[in-house]
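Notes for the structure review
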Amino acid sequence: MTAQTETQPYSATGFAALYAEIQQFYARHMHLLDSGAADEWAADFTEDASFSVPTLPAPVSGRDALASAVRRTADANAASGEQHRHWPGVFDIWPQEDGSVVVHSYTTVYASPRGGESRVHRVCTCTDVLVRQGGRLLVRTREVARDDLR
Amino acid sequence: MTAQTETQPYSATGFAALYAEIQQFYARHMHLLDSGAADEWAADFTEDASFSVPTLPAPVSGRDALASAVRRTADANAASGEQHRHWPGVFDIWPQEDGSVVVHSYTTVYASPRGGESRVHRVCTCTDVLVRQGGRLLVRTREVARDDLR
Amino acid sequence: MTAQTETQPYSATGFAALYAEIQQFYARHMHLLDSGAADEWAADFTEDASFSVPTLPAPVSGRDALASAVRRTADANAASGEQHRHWPGVFDIWPQEDGSVVVHSYTTVYASPRGGESRVHRVCTCTDVLVRQGGRLLVRTREVARDDLR
């Protein structure tokens, strides 16, 4: 669990602006992922980002490795004829004193076999640390947990 | 795919206002749909709106035809004892120079048979073009794709 | 159904601030619920709050009773090895003249058995009346309906 210290430097209007920016960020991020735009998706992470998931023995680090992981999954889905759809939401955001934002969210992954029945594939929780670089938000760290592997 | 040219005429506060308005629009729109309020739902489209789905041979055009299509589905669900629930989200919005807004989103449809197990019925993507008329947002075009029919 | 009279005292910016605050409120509220933080979750209700669900013969009233109900469910899920995940969304908000806010929303509950397949557990609709006390939003009444029990 990432340490979090909530600060309240935000007015109601400022908080709303940040909340909308974060929702838009995740929406475009997941649309990129699901359409197989691996490099554009990886560009949403910092150069030295770290991504931890329970199914990998060590965190994935850096944009190239992240994009490669996405391409492998996209190839596997293409081979099996399944469309995966990542749905992020339930964003609990914690702005930090250093300007970063800790985001606790849920992600459901749906799977749809071609010509078959869509289903829930995974239910995950996600803790990201977002930082601002060059005016835009980027993911510095991501920790994903799967409900079925608790 | 609808052509999209992103513009940035929005301040962070203006973007947040638009993003909230769009979320509220889709929420009320889908509550109307799921409660069978066909005419009120159809009033969220422009008079000459076009709605394309993969299961119809031609786009549905105009509010009367849209409302009729909803009533047919509502009747079928009532006959089968299933409650459908349309869940829109993951809104990736692209304000356009002409004042319209291209909205890429996902929609999951859940089905719940009376006394039975709820399930995922459909996973869809949706591309809308929203325009403002008389101060409120309306759908001018909607293109829906189903993940199981790709 | 809770009576609702829509008022429009909000500017676009003020509406966005309220909409973001409500989304953040529900996100943290459900994260508390799913992590078993029963007392913190119950503190999101007013002291005299009323919670109605179709599976209980009478409304649950008051924070202690609410927290106890959550603890019983958490114990049952721990015993069965299932992780439940409450996903609120599709918020249709109706600010009222007295400062309260009627919120119509959907909630999907996912269930993930340890080592098994995640699934949709429940699809619910939720009508809350939120009031502001001491600067923060609290739930005064909640009415939940289940799609499978209609």
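Residues numbered from 1 in each chain as written. Chains lettered and ligands numbered in written order. Predicted model: local features only at pLDDT ≥ 70, side-chain atom pairs only at ≥ 80, totals over all residues. Heavy atoms only, no water.

Turning to the overall build of chain A, a few remarks are in order. Helices and strands together make up the secondary structure of chain A, namely 3 helices and 6 strands. Traced from its N-terminal end to its C-terminal end, chain A shows the element sequence α-α-β-β-α-β-β-β-β. Against the globule reference of 15 Å for 150 residues, chain A gives a C-alpha radius of gyration of 16 Å, in line with a compact fold. Referenced to the eigenvectors of the C-alpha coordinate spread, the extents of chain A come out at roughly 50 × 30 × 30 Å. Scored against the burial criterion, the 150 residues of chain A give a buried share of 55%. At a minimum sequence separation of 6, the contacts of chain A that also span at least 24 residues come to 53%. Of the roughly 6400 Å² that chain A leaves accessible, carbon and sulfur atoms contribute 52%. (Helix = DSSP H or I, 4+ residues; strand = E, 2+ residues; numbered from the N terminus. Rg over C-alpha atoms; globule rule 2.2 N^0.38 Å. Buried < 20%, exposed > 50% of the residue type's maximum accessible area, 1.4 Å probe, protein only. Contact = heavy atoms within 4.5 Å. Areas by Shrake-Rupley, 256 points an atom, 1.4 Å probe, with all protein chains shown as cover.)

Reports often express the size of an interface as the amount of accessible area lost when the parts come together. Counting residues at the interface gives 25 residues for chain B, matched by 27 residues for chain C. There are 2 salt bridges connecting chain B and chain C. For C:D92, the salt bridge identified is with B:R28, shortest N-O distance 2.8 Å. Applying the counting rule to chain B against chain C returns 11 residue pairs in polar contact (both at pLDDT 80 or more). Put simply, the parts of the chain that give the side of chain B that touches chain C at least two residues each are α1 (12-34), β3 (82-95), β4 (101-113) and β5 (119-133) of chain B. Here the side of chain B that touches chain C gets 11 residues from one element, more than from any other, and that element is α1(B). (Salt bridge = Lys/Arg side-chain N within 4 Å of Asp/Glu carboxyl O. Polar contact = N/O pair within 3.5 Å; in protein donor to acceptor, adjacent residues only side chain to side chain.)

In the contact formed by α1(B) and helix α1 (residues 12-34) of chain C, the axes pass within 8 Å of each other and the chain directions differ by 65°. As summarised for this structure, α1(B) and α1(C) are arranged roughly perpendicular, according to the angle between their axes. Our pair here, α1(B) against α1(C), has a crossing hand that is left-handed. Residues B:T13, B:A16, B:A17, B:A20, B:Q23, B:Q24 and B:A27 of α1(B) form the contact with α1(C), whose participating residues are C:A12, C:T13, C:F15, C:A16, C:Y19 and C:Q23. Residue composition of the contact of α1(B) with α1(C), by class: 8 nonpolar, 5 polar and no charged. (Axes fitted to C-alpha atoms, helices over the stretch in contact; angles between N-to-C directions. Parallel < 35°, antiparallel > 145°, perpendicular 65-115°, else oblique. Left-handed = near helix turned anticlockwise from the far one by under 90°. Nonpolar A, V, L, I, M, F, W, Y, C, P; charged D, E, K, R; others polar.)

With that out of the way, let us pick up the relation of the copies chain A and chain C. With an RMSD of 0.0 Å, the operation that places chain A on chain C is a rotation of 120° combined with a shift of 0.0 Å along the axis. In short, the pair behaves as if placed about a three-fold rotation axis. Proximity to the rotation axis, assessed at the C-alpha, singles out A:A16 in chain A; its C-alpha lies 3.6 Å from the axis. (Least-squares fit on C-alpha atoms with pLDDT ≥ 70 in both.)

Taken residue by residue, the interface counts 27 residues in chain A and 25 residues in chain C. Across the interface of chain A and chain C, roughly 2200 Å² is buried in total on both sides, 57% from carbon and sulfur atoms. By the criterion of area lost to chain C, the three top residues of chain A are A:V90, A:Y106 and A:D148, representing 28% of everything that side buries. Our enumeration of links across chain A and chain C arrives at 2 salt bridges. Inspection of the chain A/chain C interface yields 12 residue pairs in polar contact (both at pLDDT 80 or more). When residues of the side of chain A that touches chain C are traced back to their parent elements, those giving at least two are α1 (12-34), β3 (82-95), β4 (101-113) and β5 (119-133) of chain A. Top contributing element to the side of chain A that touches chain C by residue count: β3(A), with 8 residues. Class assignment for the residues of the side of chain A that touches chain C results in 14 nonpolar, 8 polar and 5 charged. (Buried area = accessible area lost by both parts, 1.4 Å probe.)

If the charged atoms of two oppositely charged side chains come close together, the side chains can form a pair. Under the defined criterion, the tally for this structure stands at 33 salt bridges over all chains. Of the charged contacts in the structure, one is a salt bridge between B:D128 and B:R142, with a shortest N-O distance of 2.8 Å. Of this pair, B:D128 sits in strand β5 while B:R142 sits in strand β6 (residues 136-146), and the two are 14 residues apart along the sequence. Grouping residues by exposure puts B:D128 and B:R142 together as buried. Of the charged contacts in the structure, one is a salt bridge between C:R122 and C:D148, with a shortest N-O distance of 4.0 Å. Taken together, the positions of C:R122 in strand β5 (residues 119-133) and C:D148 in the segment after β6 (136-146) put the pair 26 residues apart, joining distant regions of the chain. Judged by its relative accessible area of 21%, C:R122 is partly exposed. Residues participating in the shared-partner salt-bridge network are A:R85, B:D147 and B:R150.

Below, the discussion takes up the environment of C:G135. Mapped onto the secondary structure, C:G135 falls in the loop between β5 and β6. In sequence terms C:G135 and C:W94 are 41 residues apart; their C-alpha atoms lie 19 Å from each other.

With that settled, consider the packing of aromatic side chains. Counted under the stated rule, the structure contains 24 aromatic pairs over all chains. Taken together, the ring pairs in this structure connect A:F25, A:Y26 and A:F91 into an aromatic cluster. Above the ring of A:W94, the side-chain terminus of C:R28 is found at 3.9 Å from the ring centroid. (Phe/Tyr/Trp six-rings, centres within 6.5 Å; stacked < 30°, edge-to-face > 60°. Lys NZ or Arg CZ within 6 Å of the ring centre and 35° of its normal.)

Here the focus is α1(B). Residues and elements named next belong to chain B. Across its 23 residues, α1 extends 33 Å between first and last C-alpha, which sits within 8% of the 33 Å expected from 1.5 Å per residue. Burial analysis of α1 places 17 of its 23 residues in the buried class, which makes it a mostly covered element. Trailing α1 by a residue or two, G36 shows a phi angle of about 80°, which is positive. (Expected span 1.5 Å × (residues − 1).)

Any functional reading would require information that these geometric values do not contain.
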